[in-house]
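# A closer look at the structure
Listed here are the chains, written in short residue letters.
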Amino acid sequence: MVDSDVQRVQVKENIKFTPSLSEQRHKFVLDFVRKHKPQKVADLGCANCKLLWRLKYHESIEVLAGLDIDENILTRNIYRLHTGAGDYLDPRERPLTITLYHGSVVEKDPCLLGFDLITCIELIEHLEAKELAQFPEVLFGFFSPTTVIISTPNFEFNPLFSGKTLFRHPDHKFEWDRTQFQSWASDAARNYGYSVEFTGLGEPPPGAEAVGFCTQIGIFMKNKPNAQSLLNEKTVECTHTTVGTVIYPSLKEEKYLRKAVSNEVFSQILKMKRVLLESLKMKNDSDSGDECEFVKPKYNESKNDPFEETPKPFCIENVFYVPLERLFSFPKIKHLCGDLETLKMLIADEVTLSSDGSSVMINIVDEEDCDLSDNDGDDL
């Protein structure tokens with residue numbers, strides 16, 4: 001039935017997917033990660049590391065691992081995972097460690113135990129028959145992650161590709177139709193305590209809907225936790241070699257948290273200082289002699305005003321005082337610090353505090369030619 005449907009479809013040119021199937025497969029994984037927020041993710045057959053590169057931007061992930069049989073391709077592409085200046089200027093909230101391993105996906109190695117998600121994107125079709133027979137025991141039985149995502153070509157789709165005689169890639173050892181893949185996946189799930197759901201990517205052209213998706217996908221979910229991984233970690237030696245490890249700066253490290261808080265504090269103080277100086281200029285230029293008021297930042301009226309019950313900044317001679325309570329009312333500072341004492345501790349070495357430790361003090365005449373001697377004690 002499928003063959004006759006395919007024959008009725010006249011393929012006049014190569015089928016092209018937009019975005020590409022590779023991009024769609026990566027997006028599928030990224031959407032899954034965004035929804036389920038795993039902390040430890042491994043990509044088997046990671047090759048050029050592009051999927052790992054995309055995954056590193058997800059804040060939920062704290063451990064990323066890539067495994068590939070080709071050490072040269074890992075060495076050439078590890079640069080994608082290196083830290084950049086932006087990672088230090090704006091550190092992640094959670095720690096992140098990325099490690100690339102050289103080795104076979106059918107070797108049992110404790111370095112890949114305890115993962116929440118393992119992806120095998122266009123991997124299994126590259127395995128020899130003996131390796132394929134060993135793979136379920138290693139992946140589901142030994143590594144035993146919470147979730148596994150496996151994608152592989154759908155052989156039924158191949159006749160729609162112009163010029164394709166058998167498989168889509170010269171290194172493919174086989175390509176399965178939907179029945180074959182689903183049978184293999186269902187057996188693996190049943191044998192190792194998983195459930196599996198099937199979906200796919202790459203819609204067929206009109207008239208060939210019967211062939212199914214171009215890429216078929218199985219999502220395996222572990223039925224219940226077990227203690228097998230803990231036992232294996234003690235009894236199996238490491239077989240994979242580490243190609244490289246990248247550790248990202250995070251706000252869990254005090255030096256980066258201190259810098260992030262200090263930067264935000266200085267940013268908010270400078271904004272308040274500019275408002276103050278503009279107000280004082282207006283006051284000095286006015287004949288009314290009215291007392292100037294500190295202008296509060298504008299917030300969405302539908303939200304509670306974070307400054308409503310906090311002490312106002314004030315000025316004594318040429319010194320601008322910003323109460324810590326005022327600074328703590330800024331959402332980002334509150335989120336970073338958690339409490340007022342932590343804020344005080346983190347900025348103590350970066351700013352000058354008042355004698356009672358309740359306010360940050362800055363001189364406001366360094367950058368502006370403004371005589372504030374007539375504003376002693378003004379409440380701004």
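In short, a report on the structure. What you see is a predicted model; the values in this text were computed from it and never measured. (Residues numbered from 1 in each chain as written. Predicted model: local features only at pLDDT ≥ 70, side-chain atom pairs only at ≥ 80, totals over all residues. Heavy atoms only, no water.)

To continue, consider the pairing of strand β3 (residues 96-102). In terms of residue burial, β3 counts as a mostly covered element, since five of its seven residues are buried. By the bridge criterion, six bridges tie strand β2 (residues 63-68) to β3 in an arrangement that is parallel. Paired with leucine 64 across the strands is isoleucine 98, a residue of β3. Across seven bridges, the pairing between β3 and strand β8 (residues 241-248) is antiparallel. (Buried < 20%, exposed > 50% of the residue type's maximum accessible area, 1.4 Å probe, protein only. Helix = DSSP H or I, 4+ residues; strand = E, 2+ residues; numbered from the N terminus. Pairing = 2+ DSSP bridges.)

In this structure, proline 19 follows threonine 18 across a cis peptide bond, with omega equal to -5°. Within the secondary structure layout, proline 19 lies in the loop between α1 (2-7) and α2 (21-36). For lysine 37, which is not glycine, the phi torsion reads 55° and is therefore positive. Here lysine 37 lies in the loop between α2 and β1 (40-44). Overall, lysine 37 belongs to the exposed group, its relative accessible area being 52%. The phi dihedral of serine 144 falls on the positive side, at around 45°, and the residue is not glycine. Residue placement: serine 144 occurs in the loop between α6 (129-143) and β5 (147-153).

Judged by pairing direction, the sheet is mixed, and its eight strands sit side by side in the order β6-β7-β5-β4-β1-β2-β3-β8 without closing on themselves. Unpaired on one side and paired on the other, β6 (194-201) and β8 mark the two borders of the sheet. Ignoring which end each strand starts from, the neighbouring axes of this sheet average 15° apart. Strands in contact with α2 are β4 (117-121), β5, β6 and β7 (215-222); relative to β7, the strand with the most contacts, it is inclined by about 20°. Sitting on the sheet, helix α7 (residues 178-192) touches β5, β6 and β7, and the angle it makes with β6 is about 155°. (Axes fitted to C-alpha atoms, helices over the stretch in contact; angles between N-to-C directions. Contact = heavy atoms within 4.5 Å.)

Right, let's talk about the layout of surface pockets for a bit. Estimated volume of the largest pocket: approximately 710 Å³. In terms of lining, the largest pocket is formed by 25 residues, of which the most central are Gly45, Ala47, Ile121, Glu122 and His126. Sorting the residues of the lining of the largest pocket by element identifies α2 and α3 (50-55) as the ones contributing at least two each. The element that contributes the greatest number of residues to the lining of the largest pocket is α2, accounting for three residues. A breakdown of the residues in the lining of the largest pocket according to their chemical character gives 10 nonpolar, six polar and nine charged. Leu21, Arg25, Glu122, Arg168 and His172 are the residues nearest the centre of the second largest pocket, which is lined by 13 residues in total. Here the element with the most residues in the lining of the second largest pocket is α2; it accounts for three residues. (1 Å grid on protein atoms, 1.4 Å probe; cavity = no way out; pocket = protein on both sides within 12 Å on 5 of 7 lines; lining within 4 Å. Points joined across faces, edges and corners; volume = space filled by probe spheres on them. Nonpolar A, V, L, I, M, F, W, Y, C, P; charged D, E, K, R; others polar.)

With that out of the way, let us pick up the sheet that holds strand β12 (residues 359-363). The strand order across the open sheet formed by four strands is β9-β10-β12-β11, and the pairing between neighbours is antiparallel. Looking at the sheet topology across the chains shown, the edges are occupied by β9 (314-316) and β11 (352-353).

Turning our attention to the packing of aromatic side chains. Two measures describe an aromatic ring pair: the distance that separates the ring centres and the angle between the ring planes. Counted under the stated rule, the structure contains 15 aromatic pairs. Aromatic pair tyrosine 88 and tyrosine 256: ring centres 6.1 Å apart, planes at 55°, arrangement tilted. Of this pair, tyrosine 88 sits in helix α5 (residues 85-89) while tyrosine 256 sits in helix α9 (residues 254-285), and the two are 168 residues apart along the sequence. For tyrosine 88, a relative accessible area of 40% gives the class partly exposed. With a centroid separation of 5.9 Å and an interplanar angle of 75°, the aromatic rings of phenylalanine 181 and phenylalanine 198 are classed as edge-to-face. Of this pair, phenylalanine 181 sits in helix α7 while phenylalanine 198 sits in strand β6; the two residues are 17 residues apart in sequence, bridging distant segments of the chain. On the basis of relative accessibility, which here comes to 1%, the residue phenylalanine 181 falls in the buried class. By way of ring pairs, the aromatic residues Phe174, Trp176, Phe181, Trp184 and Phe198 are connected into one cluster. For the cation-ring pair, lysine 40 lies above phenylalanine 115, with the distance from its terminal atom to the ring centre recorded as 4.8 Å. (Phe/Tyr/Trp six-rings, centres within 6.5 Å; stacked < 30°, edge-to-face > 60°. Lys NZ or Arg CZ within 6 Å of the ring centre and 35° of its normal.)

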